[in-house]
Amino acid sequence: MKIAIVINTYIVTSPGEKSPFDHPTPLWLFEKENTLKASLESLRDANRRAEDEYTLYLFGIAANERIDFDQEIEQKIKKIVENVGGLPRVHVISNRQVADFRQQTEIEFFESSGYPEIRNLGFLIPFMFHEDVIMQLDDDELIRENHLVRFAELFEKNPEYGIVTAPYEQNGSRRIIGEDPLTTWKKVSSMDADLKKLLSTDDCSQTLFGLGGNLCIRSSVAKEIFYPRKVPRGEDFSLLLAARLLYENGDLRMKIKPGNRLFLTWFCSEKDVTILHQPPISEREDFLRSFENNIRRFILERQMVMTQKKFTLSDLKDSSQYLYAMFGQEDFRRQILDWIDTIRMEREDVTDMKQLNEMEERLLVFLEGVEKEPRWSNYLEERRRFSKGQAWLAQCDQEELLMKIGGWIK
């Protein structure tokens, strides 16, 4: 089995630079603060089956699609790779390679503006090299010694599995521990309720719950779906929801019939495939920024559900307490306003009412615009273009293309 291991590293290149990423590594402190080295060491030390072939794709992505620091980023990553040693074949990709791929192929999905766009790169490039399975990780995650072996066995023994996700462990727990940010916004407790149910069995469970830094997908499935673009965070849930909607509705124009079980997602609770999440110490999260990004994300996900025919909000309630709590309300505008009113009453750290009022106005304008969009049919049109691009990449002269791109470790 050919297995692609995709690891993303997010980087800010200048002090004070605004970034779409939650905790990027500062380039000027990269040697001191990177979490990539520990992640690669865990990968090096993990068991591998002799019959499998592994390739490691390292994406070193500078925020805001900057390319002026890419050579420095590539050199810093290559130095870590060399110091760790014992790794599978490695490719290092930065924004300049992404831009070159886009120019050479004219495929619109070669972009690195945010989380889902970068995740899609982790589908496009491995597919070009005819990988069988794509494993996605982040650079602040450590794998256990049998992680690679167990994921390979899961796909080999379960040909109906197209997408498999698994837990995080942080501070000794696989649950999501903490208080809800608002009494009316049950973000933490509803996520934990989903996890508690999924972790209650040793069997793999069909789910909509997924953590993007611990996800495996068959390349044949990655050819047919992609991460919905412009989602500011939570791209993992957006992908799994889109896959489920494709399972429910199919896409007859692309000869995908409803009920294709490869588009279902399975959650495996085994310890071997539970990754150790070790995020860097970061500054205290800006609550309003986080809240606004989350609500934008939920507006987009809700519209996917509302503009297709087979999967209802009631079905959502049966599938995920978390997603239902976040966008299952019939009057979503009213719910958003209620949450914002609760911020005014409960969040002592939010003292700038002008800033809060401006955020409220932005969200209502965004909601009104998105509710006019045929988001599901738009997604289908995009995924057809994505699949067409994948097919072209699989048939192109890869060596000739790479010679034009350059900058890869072989």
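For the structure given in this document, a descriptive report is provided here. (Residues numbered from 1 in each chain as written. Predicted model: local features only at pLDDT ≥ 70, side-chain atom pairs only at ≥ 80, totals over all residues. Heavy atoms only, no water.)

Here we take up the sheet that holds strand β8 (residues 168-169). The strand order across the open sheet built from three strands is β6-β12-β8, with neighbouring strands paired in mixed fashion. If you trace the sheet from one side to the other, it starts and ends with β6 (141-142) and β8, each paired once. With two bridges connecting them, β8 and strand β12 (residues 275-277) associate as parallel partners. Looking at β12, one finds that Y168 is bridged to I275. (Pairing = 2+ DSSP bridges. Helix = DSSP H or I, 4+ residues; strand = E, 2+ residues; numbered from the N terminus.)

Let us look at the packing of aromatic side chains. Per the counting criterion, the structure on display carries 20 aromatic pairs. Between the aromatic rings of W185 and F291, the centroid separation amounts to 5.0 Å while the plane-to-plane angle is 75°, which identifies the pairing as edge-to-face. Here the residue W185 occupies a position in the loop between β8 and α7 (187-198), and F291 occupies one in helix α10 (residues 287-306), the gap between them amounting to 106 residues. In this pair, the class of W185 matches that of F291, namely buried. Judged by centre distance (5.1 Å) and plane angle (90°), the rings of F209 and F237 are edge-to-face. Remark: F237 occurs in helix α9 (residues 235-249) and F209 occurs in the loop between β9 (205-207) and β10 (214-218); sequence separation between them is 28 residues. Its relative accessible area of 1% is what places F209 among the buried residues. Here a set of aromatic residues connected by ring pairs shows up, and it is made of F109, F226, W376, Y379 and F386. Over the ring of F366 we find R296; its NZ or CZ atom is 4.6 Å from the centre of that ring. Positioned over the ring face of F287 is R347, at 3.8 Å from the centre of the ring. (Phe/Tyr/Trp six-rings, centres within 6.5 Å; stacked < 30°, edge-to-face > 60°. Buried < 20%, exposed > 50% of the residue type's maximum accessible area, 1.4 Å probe, protein only. Lys NZ or Arg CZ within 6 Å of the ring centre and 35° of its normal.)

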